[in-house]
Amino acid sequence: MAVDAARGSGEGFTSPGVTRVMAAACRAAGLDRRGAELIRLGENALFRLRSVPVIVRIARSVEYLASAHKEVAVSRWLASEGFPAARVVEDLEQPLMVDGHPVTFWHLIVEEGRPATYGELGAVLRALHALALPEGLELPRYSAFGLSDLRLERATGVSEDDLEFLRKRGEELKDRLAELQFGLPLGPVHGDAHTDNLIVDKTGVVHLIDLENFCVDHPEWDLEVAAHEYHRLGWVTEEQYADFVRAYGRDLREWPGFATLCAIQEFKMTTWLMQNVSEGEDVAQEVGRRIASLRDDAAPRNWLPY
């Protein structure tokens, strides 16, 4: 369903532009947009409505339409399984298209006021990976390298020598991935499995959110995140990672392919941050630090958590 915003497009992804998109989407959905609060403007725009406990989520462009359809389908499937996750508003045709922006509506999760733990992350992933995917739910495979090639193609502020190294590194990692033997069968994978993508509600139930990377693939991709943040980056304490392993029942570091998944993740993380190299000297220094450490697999990853 396509909807026109009141004053048309052409403003880019700005606060005034997304506010008009939100207002038009709410009119089409029969929701009161008065007093809506913009709570995030980044990869997506998120508005919290005042009239009802609903979040309005606006994607950047029409290129995200397929992903929005997938998120709605996944949310409805998880709801049918009784799995605690972000829930789309029922009885609405979703996503709406407003001036080229896919728009979806989600039930607000009222938070308890504390972050989720790594033990809770392990328990959520164990439950998720145990689910059987239903017939008719079409999901992509995991995008191991994401938009890395496009980021390298559009990169500015990075030396040609570093870019050439990263291009060669990417090709080498693609070859390594092609030869990798996974130990776990294909199944539902969240695709961005860290504690920031969990919300603990006021009753203590932990909900899985941000379903845009959801896919069907090997569960190792989800397990890699916590193991990598502990083993290579030092962003997770020994106690936190032990809680994760106890809850899930497996330590991915014992799998021979772990180093390859870490190398791919570090490559992707570097190309992601490289997009923001012009935002300040601190970012530029961090990009340089990451590229230098990628040149030596044995070098410590003293990376800052951007």
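Placed above this text is the structure.
Rules behind the numbers
Residues numbered from 1 in each chain as written. Predicted model: local features only at pLDDT ≥ 70, side-chain atom pairs only at ≥ 80, totals over all residues. Heavy atoms only, no water. Patch = residues over 30% accessible without salt bridge, like charges linked within 9 Å, V, L, I, M, F, W, Y side chains within 5 Å. Areas by Shrake-Rupley, 256 points an atom, 1.4 Å probe, with all protein chains shown as cover. Salt bridge = Lys/Arg side-chain N within 4 Å of Asp/Glu carboxyl O. Helix = DSSP H or I, 4+ residues; strand = E, 2+ residues; numbered from the N terminus. Pairing = 2+ DSSP bridges. Buried < 20%, exposed > 50% of the residue type's maximum accessible area, 1.4 Å probe, protein only. Contact = heavy atoms within 4.5 Å. Arc of directions from axis to C-beta. Phe/Tyr/Trp six-rings, centres within 6.5 Å; stacked < 30°, edge-to-face > 60°.

Please explain a nonpolar patch on the surface as it appears in this structure.
A contiguous nonpolar patch, built from Trp-272, Leu-304 and Tyr-306 and spanning about 300 Å² of accessible area, is present on the exposed surface. You can see Leu-304 is positioned in the segment after helix H9 (281–294).

Where do I start with the pairing of strand E2 (residues 37–41) in this structure?
Regular strands have side chains that alternate between both faces of the sheet. Alignment of E2 against strand E3 (residues 44–48), held across four bridges, turns out to be antiparallel. Paired with Glu-37 across the two strands is Arg-48, which belongs to E3. In this antiparallel pair of consecutive strands, E2 and E3, the connection spans two residues.

Explain the environment of His-69 here, please?
For His-69, the position within the fold is in helix H2 (residues 65–80). Residue classification places His-69 among the partly exposed residues on the basis of a relative accessible area of 42%. Counting along the chain gives 14 residues from His-69 to Ile-55, while the straight-line C-alpha distance between them is 17 Å. Once you skip the residues sitting within four places of it in the chain, His-69 turns out to touch Gln-94 and Pro-95.

Would you take a moment to explain the pattern of salt bridges for this structure?
Pairing between side chains becomes possible if they bear opposite charge and their charged atoms approach one another. For the structure shown, the criterion picks out 24 salt bridges. Ionic pairing is found between Asp-297 and Arg-169, a salt bridge with its closest N-O pair at 2.7 Å. Highlighted residues: Asp-297 in the segment after H9 and Arg-169 in helix H5 (residues 160–178), separated in sequence by 128 residues. Asp-297 sits in the partly exposed class, given a relative accessible area of 40%. Connected via shared salt-bridge partners are Arg-169, Glu-172, Arg-176, Arg-232, Glu-266, Asp-297 and Arg-301.

Would you take a moment to explain helix H7 (residues 238–248) for this structure?
In an α-helix, one turn spans 3.6 residues, which is why side chains three or four residues apart end up on the same side. Within the sequence span of H7, burial applies to Tyr-241, Phe-244, Val-245 and Tyr-248. Buried residues of H7 fall within an arc of 95° about the axis and therefore sit on the same side. The exposed set on the far side of H7, more than 90 degrees from its buried face, consists of Glu-239 and Arg-246. Contacts from the buried residues of H7 go to helix H3 (118–129) and helix H6 (220–231). Once H7 ends, the next one or two residues include Gly-249, with phi positive near 100°.

Before we go on, may I ask you to explain the packing of aromatic side chains in this structure?
The description of an aromatic ring pair uses the distance of the two centres, along with the angle that the planes make with each other. Within this structure, the stated rule accounts for seven aromatic pairs. Where Phe-145 meets Phe-267, the ring centres are 6.1 Å apart and the plane angle is 70°; that geometry is what we call edge-to-face. On the criterion of sequence distance, the pair formed by Phe-145 in the loop between H3 and helix H4 (148–154) and Phe-267 in helix H8 (residues 258–274) is long-range, its members being 122 residues apart. On the basis of relative accessibility, which here comes to 1%, the residue Phe-267 falls in the buried class.

Taken by themselves, the reported measurements are silent on function.
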